[in-house]
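Listed here are the chains, written in short residue letters.
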Amino acid sequence: FHRVASLPPPRHALATPPLSLCVQARPLPTEEQAASSMADTVVKPTNFSELAKYIGITQLVNLQTVIFGYTLGFTGPTLVDISLDLGLCPDDDVVCSDAALVASISAIVAGFGALFAGPGSDIFGRKPLLLVNAIFFGMGYMLMWVSTGFYSIIIARAIQGWAMGVASVVVNIYIGEISPTNRRGMLGSLFNVNISLGILLAYLWGLNASVDNGWWRTMAAVMLIPAAVGAYAVYRMPESPAYLNLKGKKEEAIAANKYFNGPNAKLENTDILGAGDGVSSIFNPKYRKAVAAGCLGVTMFALSGNNAVIAWIAVVLGLAGLDTQSTSNGEIAFSAAQVFFAIVVAMDTSHRFGRRPLLITSCVGAGVSMVGMSVLVAAGNGDGTLIAMVCFIGFITLGLSSLSWPYASEVMPLPIRGQAMSLATVLFWFFTWATVEYFVVMVETFGESSVFMFYAAICFAGAGVMWRITLETKDKTEAEISMIFEGVVAAPAGSNPAAPLLAGDKNKVPAV
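These numbers were taken from a predicted model, which means no experiment stands behind them.

Participant: Got a minute to help me understand the overall build of the protein in this structure?
Facilitator: For the protein, the count of helices and strands is 25 helices and 2 strands. Burial status across the protein gives 56% buried among its 512 residues. A separation of at least 24 residues holds for 81% of the contacts in the protein among residues at least 6 apart in sequence. Of the roughly 20900 Å² that the protein leaves accessible, carbon and sulfur atoms contribute 66%.

Participant: Looking at this structure, how should I read the nonpolar core?
Facilitator: Where a protein is soluble and globular, its nonpolar side chains tend to be buried together. Judged by nonpolar contacts, the single largest core of 126 residues is most densely connected at Phe74, Tyr141 and Phe485. When sequence neighbours within four positions are dropped, the list of residues in contact with Phe74 reads Ile82, Tyr141, Met144, Arg157, Ala202, Trp216, Met219 and Ala220.

Participant: Could you clarify how one ought to interpret a nonpolar patch on the surface in this entry?
Facilitator: A contiguous nonpolar surface patch, about 650 Å² in accessible area, is contributed by Leu101, Ile108, Phe112, Phe430, Trp433, Tyr438 and Val441. Those elements that place two or more of their residues in the nonpolar patch are α5 (97-124) and α21 (417-437). If one sorts the elements of the nonpolar patch by residue count, α5 sits on top with 3 residues. Summarising the element assignment, Leu101 is placed in helix α5.

Participant: How should helix α8 (residues 184-205) be read in this particular structure?
Facilitator: In a regular helix each residue adds 1.5 Å, so 22 residues correspond to 32 Å; α8 covers 32 Å between its end C-alpha atoms and thus fits that length. Most of α8 sits inside the fold, with 18 of its 22 residues counted as buried.

Participant: Looking at this model, I keep getting lost on the packing of helix α9 (residues 215-222) against helix α10 (residues 224-236). Mind explaining?
Facilitator: Each pair of packed helices gets described by two things: the angle between the helix axes and the distance between those axes. Their axes nearest at 4 Å, the elements α9 and α10 cross at an angle of 10°. When the axis of α9 is compared with that of α10, the two are roughly parallel. The residues of α10 that touch α9, namely those facing Ala220, Ala221 and Val222, are Leu224, Ile225 and Pro226.

Participant: Looking at this structure, how should I read the packing of aromatic side chains?
Facilitator: The description of two aromatic rings rests on the distance between their centres and on the angle between their planes. Per the counting criterion, the structure on display carries 18 aromatic pairs. For the ring pair Phe74 and Tyr141, a centre distance of 6.1 Å and an interplane angle of 65° mean the geometry is edge-to-face. Separated by 67 residues along the polypeptide, Phe74 in helix α4 (residues 63-86) and Tyr141 in helix α6 (residues 126-145) bring together distant segments of the chain. Using a relative accessible area of 0% as the deciding quantity, one classes Tyr141 as buried. One aromatic cluster is present, formed by Phe68, Phe191, Phe301, Trp405, Phe428 and Trp429 through successive ring pairs. A cation over a ring is seen here: Lys127 above Tyr235, with NZ or CZ 5.9 Å from the ring centre. The side chain of Arg356 reaches across the aromatic face of Trp467, ending 4.6 Å from its centre.

Participant: What is the right way to look at the pattern of salt bridges in this model?
Facilitator: Pairing between side chains of opposite charge can happen when their charged atoms approach one another. Applying the stated rule across the entire model yields 5 salt bridges. Across the pair Arg217 and Asp85 runs a salt bridge, and its minimum N-O distance is 3.5 Å. Of this pair, Arg217 sits in helix α9 while Asp85 sits in helix α4, and the two are 132 residues apart along the sequence. According to the relative accessible area criterion, Asp85 is partly exposed, its value standing at 29%. In this structure, Arg355 and Glu410 form a salt bridge, with 2.6 Å as the shortest nitrogen-oxygen distance. One end of the pair, Arg355, is in helix α18 (residues 355-378); the other, Glu410, is in helix α20 (residues 400-411), with 55 residues separating them in the sequence. Look at Glu410 and you get buried, because its relative accessible area is 5%. Residues joined by salt bridges that share partners form a network here, namely Asp122, Arg126, Glu177 and Arg417.

Participant: Any chance you could explain the state of the cysteines here in plain terms?
Facilitator: As used here, a disulfide is simply a covalent bond connecting the sulfur atoms of two cysteines. Following the criterion strictly, the structure yields 0 disulfides and no others. Cys459 takes part in no disulfide bond, and the closest cysteine sulfur, belonging to Cys363, lies 6.2 Å away. Cys459 sits in the buried class, given a relative accessible area of 0%.

Participant: Help me out: how do you make sense of the environment of Val169 in this one?
Facilitator: Note that Val169 resides in helix α7 (residues 150-178). Residue classification places Val169 among the buried residues on the basis of a relative accessible area of 0%. Discounting residues that sit within four places of it in the chain, Val169 has contacts with Ala114, Ala117, Gly118, Met421, Ser422 and Thr425.

Participant: Whenever I open this one, the side chain of Thr435 confuses me. Can you help?
Facilitator: For Thr435, the location among the structural elements is in helix α21. A distance of 3.0 Å separates the side chain of Thr435 from the backbone oxygen of Thr432, its partner in a polar contact. Here Thr435 is in contact with Ala302, Asn307, Ala308 and Tyr455, once residues within four sequence places are set aside.

Definitions and cut-offs
Residues numbered from 1 in each chain as written. Predicted model: local features only at pLDDT ≥ 70, side-chain atom pairs only at ≥ 80, totals over all residues. Heavy atoms only, no water. Helix = DSSP H or I, 4+ residues; strand = E, 2+ residues; numbered from the N terminus. Buried < 20%, exposed > 50% of the residue type's maximum accessible area, 1.4 Å probe, protein only. Contact = heavy atoms within 4.5 Å. Areas by Shrake-Rupley, 256 points an atom, 1.4 Å probe, with all protein chains shown as cover. Core = buried A, V, L, I, M, F, W, Y, C linked by side-chain atoms within 4.5 Å. Patch = residues over 30% accessible without salt bridge, like charges linked within 9 Å, V, L, I, M, F, W, Y side chains within 5 Å. Salt bridge = Lys/Arg side-chain N within 4 Å of Asp/Glu carboxyl O. Expected span 1.5 Å × (residues − 1). Axes fitted to C-alpha atoms, helices over the stretch in contact; angles between N-to-C directions. Parallel < 35°, antiparallel > 145°, perpendicular 65-115°, else oblique. Phe/Tyr/Trp six-rings, centres within 6.5 Å; stacked < 30°, edge-to-face > 60°. Lys NZ or Arg CZ within 6 Å of the ring centre and 35° of its normal. Disulfide = S-S within 2.5 Å. Polar contact = N/O pair within 3.5 Å; in protein donor to acceptor, adjacent residues only side chain to side chain.

Written as structure tokens, this is what we have:
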């Protein structure tokens, strides 16, 4: 502890302060609370068997994330087959407003699911929502499997969309709260790996959709398996220890913590984090910096143009000069690259380099790639455009898509975490819808090259804002992250680092 506290101060004014901090805006913890919190600031190494256990647990929870990604990619290869099979469009057309609604309804409803999920997870708990949500995924795909017309397929996609929105909030919260401090970044980045895997599975299995009428029903039926396994797995797991502790269920919290972290694990003290006072807590000045930092990464992920590129990749490559076969191959290459880079990030990259540097690098790299896409698509260079798109998804996956969600779940204050994550997720789904919905309108109005330059400018601006307001969180406990975001100052050199936490008001360190 003293070794960490004695490190030289960082050059950048907003870099993460040392552990010797005190909070000016709230009552100081008791000696017992401080000792408990300080005991958990030491990061213990995780051996291979423990790491395998954590990955196994998080992957069972992330089965919902695989279905999430699968739902995102499902209509890409199957929409034509669905439209023809159900007679959605007149005169055997394959594109019409009803078919478009089948594709978009899940993203629209996902925003409402996310809006409910935050407060719902705070009221009912993380585990109950995850359990019910797995059942919802199963219901959605069961109804899709047996759909006979427009209304049944729309209801099925709406149920799936609701489950997507809930999963995008609660899966991140639960995994963030059960993960050990020194593995939180790696385990959290598996969320994006599983979304990417789900999208790739939908694209690969969807290759048969054009040659096998009704194949989309088989694709829907297959998802009943991970939904059922995921529901049973969550049923067998305990509630998040942090949530139980926050609700005053100390004995249950200790038992849950031992389940996840072993019989000798110490429960992190959350008493010093305070308690929320409803939705208004999100706008409490004490929480404002943390909520802003958490929302920024998720919002930049949506505003980067990533989802517009994914949704309209065939159009983009076609306008750049690629033929139909080359465009199909490009879609598979793009999706495979996304999975590859997601796995690279999940290999403890965020723990080696830190969340903040990777998020900023992701914004800058995505902006540079967008500039390349703008130049190459204007020149009609299809192969070059595809290479630039692969670079773009690589940089996006390096930080924004892999780390924005785990980072948000880390920095959002525990007493209002559910509500704050709902806010971030609703912003994500709103800007995702806007970028996808108006991409074609913007291209028709300003030209494809100008639209990519516009997204490049957003990425560069986002990197600047991220440099200003994000702080590093790796190897920090809940209490430490709360302290660095809620108005803290460093203790004078040579003083006892624990003194501000152990002393009364008379020993507070003067603000500097």
